[in-house]
Amino acid sequence: SLIPTKHRKEQENSMSSLFRLSLRFLKNSRMLTISAFISVFIACFLGTGIFQLAANVETSIYDTVKAEYESYAQRNPDISEDMLSVMIQNETQDFFEALNIVFKTLYIITVSICGVFIVSIFNEFLKKYLREMAIIRVIGGKTGQIDILFSFMSLIITTAACITSGIFSAVLDKFLLNYINDKYAFFDGSFVMKKEQFFIFIFITFVLVNFIVIFIFWLNQDVMPIQIFQKTASGLKRRKISNLLLFSRKIIGTDGYISFKLMFPKHRQIILIIFLIALTTMITYFGKGFMPVLYANNNAYYTELLCGADAVIEVSANDDFDLSNIINNVLKRCDDKNLICNYTSDDNMNASFYIDGEHDAIKDVMKSVKIENEDYIYGYIYDDVMEDSRKKMTQISALINIVTGGFLIVIGIGWLNSVKEILISRKREYHIMRLIGMSERRVIKICIIQILTYMLIGIIAGIIAGHIALCKIFEGQLIADTAISFGYGNVIIITIYFMLLAFFLRKTIKEVSC
């Protein structure tokens, strides 16, 4: 109300004009707009799905533990409700903390990778419309209006993508997550939509993506007319740098040399594409190799810990603790359940009980001893530990495959757009090659070398990074006779996937090589 009516109308007209201009920019760059939309859509869809799954797993684990302890409490009237609540909390707390770390890490990785691609796409928008930005400045436009223009573009794409993703998630999550649960047994029962978390994570994704795009744009905007012309002059510096490639000509041949020389001016864009392909390859390679090694290592560890017994109870006490009482208590309870129990005690404070017998009887003994001496007792049942380990390995592998599948869609679309843009930007050079007598076949070969280079460098870098990560994580941690296995299966799938994507570039290659 403090702003004069005339000025307020001018501001409204200006905002309306900028909004219409942003829509026109998006419409004139359909492929970039669709790529950005799909990237945000997948980030939002995977993000909400990940946390809906986490919420259902958490609820299922809590209900299962609660049912077990309530059943035990019914057979032991001395256990009060407060004691039961504390027992359930102690049993589930560590697992819930680990679960949150895993799912939050997956969410951060998902949003980060999709965010990097979205930033890359908006940088393409910026380069494509750099001259238009300069014209806006020449006719009196302010830097703030440029900011608003690109903010509108970001908001339009993210709003449309988040709303569409929300609708798809609301409709499909029940079916998809129930299908995944039927296959990998993440939780008991059917999927239940957690509406509060659903809307919170859509909003968080919306805010994060817009913040990343607008912040990066604010850092990188160059919209002064003089800077546009300086960009042209900066290309002269590249000549000296590109001469460094001459030494490789004898090794890779003339066609290979030309391919690399044409790639070099686009090195920032190429490095981003290679980095994302490498990151996805590393995640799949690492995940595929990590799980079997971890399971085998766990198997070896617990076999050694239990000395071949079905279960072990370990007691670690303090100076005020009478170890003989608990030894007699455990032996008596095992005898009552017809269990075979042997124990060792190295001093007056530590003892280990190795128990063989019926599974449910061992669980009853272990629970009762834990309740009576909660601060001092640790127990493991071999079958339960290994089944839980196998189940978690399968579930984490499934999550890695699902998230990686989403990444591959985003990265595949971005890779196609980037390679297509790089090839088209060199159309003039390819035509000059044809004019000086180079055959169409050789020009096509040069294009294919570039395409394969972007792909193979990323995949090889990802394999190397994943291999190093596996070796470093398990360095000094492996039980004897546990070998590190490497996940080449998913790498082969990724390679085939990018080969198939390259097939869709044949029309572009034909156009630039004619």
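Residues numbered from 1 in each chain as written. Predicted model: local features only at pLDDT ≥ 70, side-chain atom pairs only at ≥ 80, totals over all residues. Heavy atoms only, no water.

Regarding the overall build of the chain
Next up, step 1: Of the regular secondary structure elements, the chain holds 17 helices and 4 strands.
Next up, step 2: Looking at the chain residue by residue over its 514 residues, the buried ones come to 42%.
Next up, step 3: Summing over all exposed atoms, the chain offers an accessible surface of approximately 27900 Å²; the carbon and sulfur share of this is 61%. (Helix = DSSP H or I, 4+ residues; strand = E, 2+ residues; numbered from the N terminus. Buried < 20%, exposed > 50% of the residue type's maximum accessible area, 1.4 Å probe, protein only. Areas by Shrake-Rupley, 256 points an atom, 1.4 Å probe, with all protein chains shown as cover.)

Notes on the sheet that holds strand β3 (residues 350-356)
Next up, step 1: Strand order in the open sheet formed by 4 strands is β2-β3-β1-β4, and the pairing between neighbours is antiparallel. In this open sheet, the two strands that pair with only one neighbour each are β2 (340-345) and β4 (377-381). Averaged over all pairs of adjacent strands, the angle between strand axes in this sheet comes to 15°, irrespective of strand direction.
Next up, step 2: Inspection of the sheet shows β2 paired to β3 by 6 bridges, in the antiparallel sense. (Pairing = 2+ DSSP bridges. Axes fitted to C-alpha atoms, helices over the stretch in contact; angles between N-to-C directions.)

Some details on the pairing of strand β1 (residues 311-316)
Next up, step 1: As defined by bridge partners, β1 adjoins β3 across 6 bridges and the pair is classed as antiparallel. In the sheet register, E314 faces β3, and the bridge partner there is S352.
Next up, step 2: Sheet analysis places β1 next to β4, joined by 5 bridges and oriented antiparallel. Residue pairing for β4: A311 is matched across the bridge by I381.

Digging into the side chain of T48
Next up, step 1: Structurally, T48 can be placed in helix α2 (residues 30-75).
Next up, step 2: Only 2.9 Å separates the side chain of T48 from the backbone oxygen of C44, close enough to count as a polar contact.
Next up, step 3: When residues no more than four places from it in sequence are discounted, the contact partners of T48 are S169, D173, F198, F201 and I202. (Polar contact = N/O pair within 3.5 Å; in protein donor to acceptor, adjacent residues only side chain to side chain. Contact = heavy atoms within 4.5 Å.)

Things to note about the packing of helix α14 (residues 427-435) against helix α15 (residues 440-473)
Next up, step 1: α15 packs onto α14 with a crossing angle of 150° between their chain directions and a minimal axis gap of 9 Å. Here the hand of the crossing between α14 and α15 comes out right-handed. When α14 is examined against α15, the residues Y430, M433 and R434 are found in contact with a partner set consisting of E440, V443, I446, C447 and Q450.
Next up, step 2: Taken together, the residues of the contact of α14 with α15 sort by class into 5 nonpolar, 1 polar and 2 charged. (Left-handed = near helix turned anticlockwise from the far one by under 90°. Nonpolar A, V, L, I, M, F, W, Y, C, P; charged D, E, K, R; others polar.)

Here we look at the pattern of salt bridges
Next up, step 1: Applying the stated criterion to the full structure yields 4 salt bridges.
Next up, step 2: Across the pair D364 and K337 runs a salt bridge whose closest N-O atoms are separated by 3.7 Å. Residue D364 is located in helix α12 (residues 359-372), and its partner K337 is located in the loop between α11 (323-336) and β2; the two are separated by 27 residues in the primary sequence.
Next up, step 3: As a salt-bridge pair, K510 and E440 come within 2.9 Å of each other at their nearest N and O atoms. Here K510, found in helix α17 (residues 506-513), pairs with E440, found in helix α15; they are 70 residues apart in sequence, far enough to count as distant. (Salt bridge = Lys/Arg side-chain N within 4 Å of Asp/Glu carboxyl O.)

Focus: the state of the cysteines
Chemically, a disulfide is nothing more than a covalent bond linking the sulfur atoms of two cysteines.
Next up, step 1: For the structure on display, the rule yields 0 disulfides.
Next up, step 2: C162 supplies the cysteine sulfur nearest to C44, a cysteine that is in no disulfide, at a spacing of 4.2 Å.
Next up, step 3: Among the residues examined, C44 registers a relative accessible area of 0% and is labelled buried.
Next up, step 4: C334 takes part in no disulfide bond, and the closest cysteine sulfur, belonging to C341, lies 4.0 Å away.
Next up, step 5: On the basis of relative accessibility, which here comes to 1%, the residue C334 falls in the buried class. (Disulfide = S-S within 2.5 Å.)

Description of the packing of aromatic side chains
Next up, step 1: Enumeration according to the criterion identifies 9 aromatic pairs in this entry.
Next up, step 2: Ring centres of F41 and F45 lie 5.8 Å apart, and the angle between their planes is 5°; this geometry places the pair in the stacked category. Taken as a pair, F41 and F45 lie in helix α2 at a separation of 4 residues, close to a single helical turn.
Next up, step 3: On the basis of relative accessible area, F41 is assigned to the buried category, the value being 17%. (Phe/Tyr/Trp six-rings, centres within 6.5 Å; stacked < 30°, edge-to-face > 60°.)

Let's talk about the packing of helix α13 (residues 382-425) against α15
Next up, step 1: Two elements in contact, α13 and α15, have axes whose closest approach is 11 Å; the angle formed by their N-to-C orientations is 145°. Two packed elements cross with a definite hand, and for α13 against α15 that hand is right-handed. Along the contact surface, α13 presents W415, V419, I422 and L423, while α15 presents C447, Q450, I451, Y454 and M455.
Next up, step 2: In the contact of α13 with α15, the residues fall into 8 nonpolar, 1 polar and no charged.

Considering the environment of H467
Next up, step 1: In this fold, H467 is placed in helix α15.
Next up, step 2: Classification of H467 by relative accessible area gives partly exposed; the value is 30%.
Next up, step 3: Along the backbone, H467 and M282 are 185 residues apart, and their C-alpha atoms lie at a distance of 8.1 Å.

Brief notes about a nonpolar patch on the surface
Next up, step 1: A surface patch of nonpolar side chains, about 660 Å² in accessible area, is lined by I163, I167, F168, V171, L172, F175 and L176.
Next up, step 2: Tracing the sequence through the fold places I163 in helix α5 (residues 143-184). (Patch = residues over 30% accessible without salt bridge, like charges linked within 9 Å, V, L, I, M, F, W, Y side chains within 5 Å.)

Overview of a positive patch on the surface
Next up, step 1: Among the surface-exposed residues, R20, R24, K27 and R30 lie close enough to one another that they form a single positively charged patch.
Next up, step 2: No other element matches the 3 residues that helix α1 (residues 5-28) contributes to the positive patch.
Next up, step 3: Within the secondary structure, R20 is located in helix α1.
Next up, step 4: The class for R20 is exposed, based on a relative accessible area of 51%. (Lys, Arg positive; Asp, Glu negative; His and termini not counted. Charge placed at Lys NZ, Arg CZ, Asp CG, Glu CD.)

Examining the nonpolar core
One recurring pattern in soluble globular proteins: nonpolar side chains tend to sit buried together.
Next up, step 1: Ranked by size, the top nonpolar core spans 99 residues in total, and within it F122, F125, F150, W415, Y430 and F498 carry the most contacts.
Next up, step 2: Looking at this core, the element that brings in the most residues is α2, giving 14 residues.
Next up, step 3: Excluding residues that lie within four positions of it along the chain, F498 makes contacts with I277, L408, I411, G412, W415 and M455.
Next up, step 4: Counting 20 residues, the second-largest nonpolar core is a separate cluster that includes A311, I326, I327 and C341. (Core = buried A, V, L, I, M, F, W, Y, C linked by side-chain atoms within 4.5 Å.)

Section: α5
Next up, step 1: Here α5 contains 42 residues, and its C-alpha end-to-end distance of 53 Å is more than 12% below the 62 Å for a straight helix at 1.5 Å per residue.
Next up, step 2: For α5, the principal kink sits at L172 and spans about 55°.
Next up, step 3: Count one or two residues on from α5 and you reach A185, which has phi positive near 55°. (Expected span 1.5 Å × (residues − 1). Bend = angle between axes of the 7 residues up to and from the residue.)

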